[in-house]
Amino acid sequence: MNKEQVVEAIVLAKHARQLSWQNIADELGMGCVWVTSACLGMNSMPEKVAEKLCQLLELPAGSQAALKAYPIKKWQRDVPQDPLVYRLYEVVGVYGETLKEVIQEQFGDGIMSAIDFSMDVEKQTDPKGDRVVITMNGKFLPYKAW
């Protein structure tokens, strides 16, 4: 099986068992955002986590190897049409340079790692309408001069 086939098998099994991504993450003892990303093919899973997932969802033979395989992290370059994903693009488009300026002012010339990184999504109840809270936590990596 390849990653695309495993992703399809995971999504079908998730729906058939009426599980949420949080349910799956809890069963695996991992973070919800990371588990979802790995299940959608954007991260490789450690062997024991892949094994647990395959057992939990009764995935077909060959799934574990595909889950452990290193992904090619690529996405479509076109602006997405899905409204939620589009809004995230819009946030980066509008605030990306602002975040770069603020981060570099506070830390120096460098980047936020997406390798030494975690992310969480929370629901904040608000009488004016519930709020989406996305927390990104990445190690700062300074550029080196040589």
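Caption draft 1: Highlighting the overall build of the protein chain. Each helix and strand in the protein chain was counted, giving six helices and two strands. Secondary structure of the protein chain in N-to-C order comes out as α-α-α-α-α-α-β-β. Projected onto the principal axes, the alpha-carbon positions of the protein chain cover approximately 50 × 50 × 30 Å. Across the 146 residues in the protein chain, those meeting the buried criterion constitute 23%. Across the protein chain, the fraction of contacts at a sequence separation of at least 24, relative to all contacts at a separation of at least 6, is 51%. Working note: accessible area of the protein chain is about 11300 Å², and carbon and sulfur atoms make up 56% of it.

Caption draft 2: A look at the packing of helix α2 (residues 21–28) against helix α3 (residues 32–39). As a packed pair, α2 and α3 sit with axes 9 Å apart at the nearest point and diverge in direction by 100°. Considered as vectors, α2 and α3 are oriented roughly perpendicular to each other. Together, Trp-21, Gln-22, Ile-24, Ala-25 and Leu-28 of α2 and Cys-32, Val-35, Thr-36 and Cys-39 of α3 make up the contact between the two elements. Grouping the constituent residues of the contact of α2 with α3 by class yields seven nonpolar, two polar and no charged.

Caption draft 3: Just the pairing of strand β2 (residues 131–142), in detail. Looking at chain direction, strand β1 (residues 110–124) and β2 are connected through eleven bridges and run antiparallel. Directly across from Met-112, in β2, lies its bridge partner Phe-140. The hairpin formed by β1 and β2 contains six residues between the paired strands, and Gly-129 there has a positive phi angle of roughly 135°.

Caption draft 4: Structural context of α3. Along α3, the residues classified as buried are Val-35, Thr-36, Ala-38 and Cys-39. Buried residues of α3, seen end-on, are gathered within an arc of 165° and therefore sit on one face of the element. Packing partners of the buried residues in α3 comprise α1 (3–16), α2, α4 (47–57) and α5 (63–68). Once α3 ends, the next one or two residues include Gly-41, with phi positive near 90°.

Caption draft 5: Local environment of the packing of α2 against α4. Taken N-terminus to C-terminus, the directions of α2 and α4 make an angle of 125°; their axes are 10 Å apart at the nearest point. One finds that α2 runs oblique with respect to α4. For α2 against α4, the interelement crossing comes out right-handed. On α4, the residues touching Ile-24, Glu-27 and Leu-28 of α2 are Val-49, Lys-52, Leu-53 and Leu-56.

Caption draft 6: Inspection of the nonpolar core at higher detail. If you look at the biggest cluster of nonpolar residues, it comprises 20 residues, and the most contacted ones within it are Ile-10, Leu-28, Cys-39, Met-45, Leu-53, Leu-59 and Leu-67. Going through the elements one at a time, α1, α2, α3, α4 and α5 are the ones with two or more residues in this core. When residues in this core are grouped by element, the largest group, five residues, is from α4. Not counting the four nearest positions on each side in its chain, Leu-67 is found in contact with Lys-3, Val-6, Ile-10, Ala-38, Asn-43, Ser-44, Met-45, Ala-50, Leu-53, Cys-54 and Leu-59.

The rules we used
Residues numbered from 1 in each chain as written. Predicted model: local features only at pLDDT ≥ 70, side-chain atom pairs only at ≥ 80, totals over all residues. Heavy atoms only, no water. Helix = DSSP H or I, 4+ residues; strand = E, 2+ residues; numbered from the N terminus. Buried < 20%, exposed > 50% of the residue type's maximum accessible area, 1.4 Å probe, protein only. Contact = heavy atoms within 4.5 Å. Areas by Shrake-Rupley, 256 points an atom, 1.4 Å probe, with all protein chains shown as cover. Axes fitted to C-alpha atoms, helices over the stretch in contact; angles between N-to-C directions. Parallel < 35°, antiparallel > 145°, perpendicular 65-115°, else oblique. Nonpolar A, V, L, I, M, F, W, Y, C, P; charged D, E, K, R; others polar. Pairing = 2+ DSSP bridges. Arc of directions from axis to C-beta. Left-handed = near helix turned anticlockwise from the far one by under 90°. Core = buried A, V, L, I, M, F, W, Y, C linked by side-chain atoms within 4.5 Å.

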